[in-house]
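What follows is each chain in one-letter form.
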Amino acid sequence: MGPKRKVLVIGLDCAAPALVFDSWLNDLPNIKRLVQDGIWGRMFSTIPPITCPAWMSMVTSKNPGKLGIFGFRNRSHYSYEEVWIANSTVIKEPTLWDIISREGHSVGLIGVPQTYPPRPVNGFMVTDFLAPDTSADYTYPSYIKDEIKAAVGDYILDCDEFRTEDKDALLAEIYEMTKKRFDLVEAFLAKKPDFYMFVEMGVDRIYHGFWKYMDKTHRKYVAGNKYEKAIKEYHQYIDRRIGDLLKLVDEDTVVMIVSDHGAKKMEGAININDWLIQEGYLKLKHEPAPGKTVKLEKAGVDWENTKAWGLGGYYGRLFINVKGREAKGVVDPKDYEKVRSELVAKLEAITDEKGKAIGTRVIKPEEVYPGGKLDQAPDLIIYFGNLYWRSTGNIGHDSIHSFETEVGPDDAVHDEYGIFIMWDPKAKRGKELKNIKIYDVAPTILSTMGIKVPDDMEGKPLQL
Amino acid sequence: MEKGVLIWFTGVAASGKTTVGRALEKAMKDRGLKIENLDADEIRANLSPDLGYTPRDRDMNTKRLAYMGKVLARNGVSAIVAAVSPLRQYRDRARGMVDNFVEVYVKCPIDVCRQRDPKGLYKRADRGEINDIAGLHQPYEEPDKPEVVLDTDKEDVETCVNKLLLTMETLGYIPKSDVKGGKTYSDEEEEKVKERLRGLGYIE
């Protein structure tokens, strides 16, 4: 017997409510139709709002602490340097496709982050940019690689040359990737999955690569530049492709458009380890060579005299070097809370390069991850300038502020709210919902399909 | 106590049932899971020397195997059965006897099976010495909805075993393995992925 309803999930990584709902809805006719006739709203992401763990939290309805992942790179049990990449093998909680497969309904997945290496499902799975390349076994079953080739030629997992100044080339690559993804999604509709979910990464990539050209408040914005409309036009392209796709979907299918988090302009970066050195928490065995920055693991950290160190990314992670926990720990466990609170106060007081307050928020993991496996969590989660500032781990900058990243241009950061739209072709609603959480997505899908929602899911089904 | 799984391999002679079954047995033991391999040839020799390959005998043989699987499974021991079991009714009967059943269709073109022919069955058939091979002289009914299909002419043993383990994990029959992410990549692949993640701004 088939499910109560079929579900199609259109994932747009990073799609920002401020752009999709507030600025451009009238120029996105297909998305507008879904908003007008469906239920919709801003959706609160995970802490932190990053692709990994957000998508996996969405499809398991479990918080990152419960999943034990806090980013693509995670620290091995209290070690200083050893890290592992969070791919599908680390997800122990049942995903939507595990549950739907078990119920005997069919599933189809394309490009959902953190699905590589592929796992068996009752249907098919084309994995994500964690596959080394398309010569690896990036699909389940493996033989659908040939079908992909036949449908779209050389499939593109992700942009290869992302941090480039050649913006024409980047734009062309993003469009080509997105075109192939939608072409493939359309082609594999023939497999008739009851639950069909795909994630387009191009939205995230174009934000990071082109935000400064669009946002007049960005410190690098130049009026009249040729890419001013690049992001908007790309949204219109996505909208057209969604319109084309919906023409192929039957009336029994409930459609969702979701993003894992949103985006906003990047103000700059806080060089967290340089700051920790400046404040006396981090010591090096020797001064770094001038004019060049080095990674923490190459900087010769004097662990016996270091109280804390940090990791970079769209949010900052801070670790405390605790006696008896880390191999060369120095902070007495009974001073741990004191040191941590002192760091919170100091981090929150960091200003911009002109001495202006930036509104940094510092989060203690145990306060936001109920039931979490926190042994791999950072001791502090830092949203520099409420995420307008990213965090850089390299050591040896002239200042604690940077405005260029080490690996090339990037103009956007992540925002805590993504988008949620749910549309039933058989029922008109047109209602904005408040307080939607990323954890509500999986229970909503299961209940739409008529499948019992597991008790330990953290979200609640949203009603159409 | 967790229930065991009855893993039922079906497929024509020389399709690879025994080979994959043995490799799966080892992999499950390596994971500390309780597993018994009820290899059809061994069981025939010890428990059912009375049975041949007529439809009636095949019926009885698969019934005995399913019953043993049931007894093991209810005591928390998983069981592997590798038997041609050419008719759907044999397999469906076994499915109905346990809670956790995995039907594995070991699929291989008969020409490839002929070339493999480890027991020389196809050669004997060519010489007219036997006429009871399923898929050749007797019908072989392909499974309708097996939990796993193994294309043994294209997939190596390791791939097949991995597929089986992952399917049982997906079905919730065995715990998910504790492999950390990094180990799924070669050093070269891991560097490539890290480089991409760095480029995309996720890590530094």
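Please read these numbers as outputs of a predicted model, since none were measured by experiment.

Student: Describe the overall build of chain A, with residues and values.
Tutor: In terms of regular secondary structure, chain A is built from 13 helices and 21 strands. Here chain A has a C-alpha radius of gyration of 22 Å; the compact-globule value for 464 residues is 23 Å, and the two agree. A principal-axis box enclosing the C-alpha atoms of chain A has dimensions of 65 × 55 × 45 Å. Expressed as a percentage of its 464 residues, the buried residues of chain A come to 64%. Partitioning the intrachain contacts of chain A with sequence separation of at least 6 by distance along the chain shows that 70% fall at a separation of at least 24.

Student: Quick one: what's the story with the interface of chain B and chain A, residue by residue and with numbers?
Tutor: A common way to state how big an interface is: give the accessible area lost once the parts meet. Across the contact, 33 residues belong to chain B and 51 residues belong to chain A. Counting across the interface, chain B meets chain A through two salt bridges. Across the salt bridge formed by B:E169 and A:R119, the nearest N and O atoms sit 2.0 Å from each other. Here chain B and chain A share twelve residue pairs in polar contact (both at pLDDT 80 or more) between them. Ranked by residue count, the leading element in the side of chain B that touches chain A is helix α8 (residues 187-199) of chain B, at nine residues. Grouping the constituent residues of the side of chain B that touches chain A by class yields nine nonpolar, nine polar and 15 charged.

Student: Mind laying out the sheet that holds strand β2 (residues 35-39) of chain B, listing which residues take part and the relevant values?
Tutor: Residues and elements named next belong to chain B. Judged by pairing direction, the sheet is parallel, and its five strands sit side by side in the order β2-β3-β1-β4-β5 without closing on themselves. Looking along the sheet, the strands with just one partner apiece sit at the ends: β2 and β5 (148-151). Shown here is a sheet whose adjacent strand axes are inclined to one another by a mean of 20°, direction ignored. Pairing analysis gives five bridges linking strand β1 (residues 6-10) to strand β4 (residues 101-107), with the strands arranged parallel. Across the sheet, residue T10 finds its bridge partner in β4, namely Y105. The sheet strands contacting helix α1 (residues 17-30) are β1, β2, β3 (78-82), β4 and β5, and the helix crosses β2 at an angle near 165°.

Student: Would you mind going over the layout of surface pockets in detail, with residue names and values included?
Tutor: Within this model, the largest pocket holds a volume of roughly 830 Å³. If you trace the largest pocket, you find 28 residues lining it, with A:P117, A:P118, B:T159, B:N162 and B:L166 closest to the centre. Elements that contribute at least two residues to the lining of the largest pocket include exactly β7 (139-140) of chain A together with α7 (157-170) of chain B. The element contributing the most residues to the lining of the largest pocket is α7(B), with eight residues. Looking at the lining of the largest pocket, its residues break down into eleven nonpolar, eight polar and nine charged.

Student: Talk me through the packing of α1(B) against α7(B); I want residue IDs and the actual numbers.
Tutor: Packed helices, taken two at a time, are described by their axes: the angle between them and the distance between them. Residues and elements named next belong to chain B. Running from N to C, α1 and α7 cross one another at 55°; their axes reach a closest spacing of 9 Å. The orientation of α1 relative to α7 falls into the category oblique. Here the hand of the crossing between α1 and α7 comes out right-handed. In this structure, α1 contributes T19, V20, A23, L24, A27 and M28 to the contact, and α7 contributes V157, C160, V161, L164, L165 and M168.

Student: Outline the sheet that holds strand β16 (residues 389-392) of chain A, supporting the account with residue identities and numerical values.
Tutor: Residues and elements named next belong to chain A. Taken in spatial order, the three strands make up an open sheet running β16-β11-β17, and their pairing is mixed. On the outer flanks of this sheet lie β16 and β17 (401-402), each paired with one strand and no other. In terms of strand pairing, strand β11 (residues 268-271) meets β17 through two bridges, oriented antiparallel. Residue pairing for β17: A269 is matched across the bridge by S402.

Student: Can you lay out helix α3 (residues 55-74) of chain B for me, pointing to particular residues and giving the numbers?
Tutor: All names here are of chain B. When the terminal C-alpha atoms of α3 are compared, their 29 Å separation across 20 residues agrees well with the 28 Å that a helix rising 1.5 Å per residue should span. Looking only at α3, the buried set comprises D57, R58, N61, T62, L65, A66, M68, G69 and A73. Around the axis of α3, the buried residues are gathered within 165° of arc, so they sit on the same side. Structural note: α3 exposes R56 and R74 on the side pointing more than 90 degrees away from its buried face. Where α3 is buried, its residues contact β1, β2, α2 (40-46), β3 and α4 (88-97).

Student: Which residues make up the packing of aromatic side chains, and what values go with them?
Tutor: Residues and elements named next belong to chain A. Within this structure, the stated rule accounts for 25 aromatic pairs over all chains. Seen from their ring centres, F21 and W40 are 4.8 Å apart, and the 65° between their planes marks the pair as edge-to-face. Taken together, the residues F21 in helix α1 (residues 17-23) and W40 in strand β2 (residues 39-44) connect sequence positions 19 residues apart. Neither F21 nor W40 differs from the other in exposure class; each is buried.

Student: Explain the pairing of β2(B) residue by residue, including any values.
Tutor: Residues and elements named next belong to chain B. Among the five residues of β2, four are classified as buried, and the element is accordingly described as predominantly covered. Pairing analysis gives five bridges linking β2 to β3, with the strands arranged parallel. Paired with I35 across the bridge in β3 is S78.

Student: Give me the packing of helix α8 (residues 202-214) of chain A against helix α9 (residues 230-247) of chain A: which residues, what numbers.
Tutor: Residue and element names in this part refer to chain A. Contact geometry for α8 and α9: axes closest at 8 Å, N-to-C directions at 150°. Taken together, α8 and α9 sit at an angle that is classed as roughly antiparallel. Here G202, V203, I206, Y207, F210, W211 and M214 of α8 lie close against α9, whose contacting residues are A230, I231, Y234, H235 and I238.

Student: Outline the environment of A:P141, listing residues and values.
Tutor: Residue and element names in this part refer to chain A. You can see P141 is positioned in the loop between β7 and α6 (144-152). Spatially, the C-alpha atom of P141 lies 6.2 Å from that of F124, the residues being 17 residues apart in sequence. Setting aside anything within four residues of it in sequence, one finds P141 in contact with G123 and F124.

Student: How would you explain the side chain of A:E200 if you had to name every residue and give the values?
Tutor: Residues and elements named next belong to chain A. Summarising the element assignment, E200 is placed in strand β8 (residues 195-200). By relative accessible area, E200 is classed as buried at 0%. A polar contact of 2.8 Å, which involves the side chain of E200, links it to the backbone nitrogen of G202. Residues in contact with E200, not counting those within four places in the same chain, are G11, L12, D13, M177, T178, R181, F182, Y234 and I238.

Student: Residue-level account of the nonpolar core, with values.
Tutor: All names here are of chain A. W97, F195 and Y207 are the most contacted members of the largest nonpolar core, which has 135 residues in total. A total of eight residues in this core trace back to one element, the largest contributor, which is helix α7 (residues 167-188). Y207 has contacts with C14, A15, A16, L19, I231, H235, A263 and A412, leaving out every residue within four places of it along the chain. Counting residues in each nonpolar core, the second largest holds 34 residues, with L311, V322, V339 and I400 among its members.

Student: Could you give an account of a positive patch on the surface, naming the residues involved and the relevant values?
Tutor: All names here are of chain A. Together, K283, K307, K338 and K346 line one region of the surface with positive charge. Mapped onto the secondary structure, K346 falls in helix α11 (residues 336-348). What makes K346 partly exposed here is its relative accessible area of 31%.

Cut-off values and rules
- Residues numbered from 1 in each chain as written.
- Chains lettered and ligands numbered in written order.
- Predicted model: local features only at pLDDT ≥ 70, side-chain atom pairs only at ≥ 80, totals over all residues.
- Heavy atoms only, no water.
- Helix = DSSP H or I, 4+ residues; strand = E, 2+ residues; numbered from the N terminus.
- Rg over C-alpha atoms; globule rule 2.2 N^0.38 Å.
- Buried < 20%, exposed > 50% of the residue type's maximum accessible area, 1.4 Å probe, protein only.
- Contact = heavy atoms within 4.5 Å.
- Salt bridge = Lys/Arg side-chain N within 4 Å of Asp/Glu carboxyl O.
- Polar contact = N/O pair within 3.5 Å; in protein donor to acceptor, adjacent residues only side chain to side chain.
- Nonpolar A, V, L, I, M, F, W, Y, C, P; charged D, E, K, R; others polar.
- Pairing = 2+ DSSP bridges.
- Axes fitted to C-alpha atoms, helices over the stretch in contact; angles between N-to-C directions.
- 1 Å grid on protein atoms, 1.4 Å probe; cavity = no way out; pocket = protein on both sides within 12 Å on 5 of 7 lines; lining within 4 Å.
- Points joined across faces, edges and corners; volume = space filled by probe spheres on them.
- Parallel < 35°, antiparallel > 145°, perpendicular 65-115°, else oblique.
- Left-handed = near helix turned anticlockwise from the far one by under 90°.
- Expected span 1.5 Å × (residues − 1).
- Arc of directions from axis to C-beta.
- Phe/Tyr/Trp six-rings, centres within 6.5 Å; stacked < 30°, edge-to-face > 60°.
- Core = buried A, V, L, I, M, F, W, Y, C linked by side-chain atoms within 4.5 Å.
- Patch = residues over 30% accessible without salt bridge, like charges linked within 9 Å, V, L, I, M, F, W, Y side chains within 5 Å.
- Areas by Shrake-Rupley, 256 points an atom, 1.4 Å probe, with all protein chains shown as cover.
- Lys, Arg positive; Asp, Glu negative; His and termini not counted.
- Charge placed at Lys NZ, Arg CZ, Asp CG, Glu CD.

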